[in-house]
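# A closer look at the structure
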Amino acid sequence: MKVAPQIYIKDSAEAAAFYQKAFGLTIGMTDMNDDGTYKHVSLMFGKTEILAIGENSDNISYYSNVSNEEPISINLWELATNEAVDHAFTVLREGAYRIDNKPDSPEWDNDFEHYGFSVLDKYGVNWWICR
């Protein structure tokens, strides 16, 4: 199992370069916005993502539940089995604010080649979990 925090901040491209320089990181997976900021950028130490960054836009409150607090997103991958992913899904979907694409169970994603799901839980934490 691996865990990497994802933060949403203004000037994501500048911040990614700053963290790269500060910690000797490299860029992994990226998904860009039209304005050159990151929807998602993985910052890697060797082959391990240690931090992900996304641009904090004006509509970022989409991720928060009740308050104006900055959203928290936890990426958890390489769970040992599909059953472990299924179990996490069963627990985290209880009282969830949002389940991406409203699946009834975790799904296989051909684009990223993983079995998993994304859910905004009842505490306002956004989880992306996969095997």
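Time to look at the overall build of the protein chain. Scanning the protein chain from terminus to terminus reveals 2 helices and 9 strands. Going from N to C terminus, the protein chain has its helices and strands arranged as β-α-β-β-β-β-α-β-β-β-β. Looking at the 131 residues of the protein chain, the share that counts as buried comes to 39%. For the protein chain, the proportion of contacts with a sequence separation of at least 24, taken over those separated by at least 6, is 55%. Surface summary for the protein chain: the accessible area is close to 8,200 Å², and the carbon and sulfur share equals 52%.

We now examine the packing of aromatic side chains. If you walk through the whole model with that rule in mind, you get 3 aromatic pairs. Between Tyr 19 and Phe 23, the ring centres sit 6.4 Å apart and the planes meet at 20°, which makes this aromatic pair stacked. Separated by 4 residues within a single helix, Tyr 19 and Phe 23 lie in helix H1 (residues 12-23), roughly one turn from each other. The rings of Phe 18, Tyr 19 and Phe 23 are connected pair by pair, giving a single aromatic cluster.

Moving on to helix H2 (residues 82-92). Residues of H2 that are buried include every one of Val 85, Ala 88, Phe 89 and Leu 92, and no others. For H2, the angular spread of buried residues about the axis comes to 100°, placing them on one side. For H2, the exposed residues lying more than 90 degrees away from the buried face are Glu 83, His 87 and Thr 90. The inward-facing, buried residues of H2 contact strand S6 (98-99), strand S8 (114-120) and strand S9 (125-130).

Quick look at the environment of Asp 100 now. Tracing the backbone through its elements, the reader meets Asp 100 in the loop between S6 and strand S7 (107-109). Each C-alpha atom of the pair Asp 100 and Phe 117 lies 7.3 Å from the other, and the pair is 17 residues apart in sequence.

The next subject is the pairing of strand S2 (residues 26-32). Summarising the sheet, S2 and strand S3 (residues 38-45) pair through 5 bridges and their orientation is antiparallel. Note that in S3 the partner of Ile 27 across the bridge is Leu 43. What sits between the antiparallel neighbours S2 and S3 is a turn of 5 residues, in which Gly 36 has the positive phi angle 90°.

Below, the discussion takes up H1. Taking 1.5 Å per residue as the helical rise, H1 with its 12 residues ought to reach 16 Å, and the 16 Å between its terminal C-alpha atoms agrees with that figure. Within H1 the residues assigned to the buried category are Ser 12, Ala 15 and Ala 16. Across the axial projection of H1, the buried residues extend over an arc of 100°, all falling on one side. Facing away from the buried side of H1, by more than 90 degrees, are the exposed residues Glu 14, Phe 18 and Lys 21. In this structure, the buried residues of H1 make contact with strand S1 (2-9), S2, S3 and strand S4 (48-55).

Each value, and the rule that gives it
- Counting from 1, residues in each chain are numbered in the order their sequence is written.
- pLDDT decides what is reported in this predicted model: residues at 70 or higher carry local features, side-chain atom pairs at 80 or more are listed and counted, and totals for whole chains, interfaces and linings draw on all residues regardless.
- Side-chain measures here rest on the full set of heavy atoms in the structure, leaving out hydrogens and waters.
- Note on conventions: DSSP H or I runs of at least 4 residues are helices, E runs of at least 2 residues are strands, and numbering of each starts at the N terminus.
- When accessible area is computed with a 1.4 Å probe and restricted to protein chains, residues below 20% of their type maximum are described as buried, those above 50% as exposed, and intermediate ones as partly exposed.
- We call two residues in contact whenever any of their non-hydrogen atoms come within 4.5 Å of each other.
- Where accessible areas are quoted, they stem from the Shrake-Rupley method and a 1.4 Å probe; at the residue level, only the protein chains shown are allowed to cover.
- A pair of aromatic rings is counted whenever rings of Phe, Tyr or Trp (Trp by its six-membered ring) have centres within 6.5 Å, and the orientation is called stacked for planes under 30 degrees apart, edge-to-face for over 60 and tilted otherwise.
- Within this analysis, the arc is defined by the directions that extend from the helix axis to the C-beta atoms.
- By the convention used here, strands pair only if DSSP detects at least 2 bridges between them.
- Helix span, as expected, comes to 1.5 Å for every residue beyond the first.

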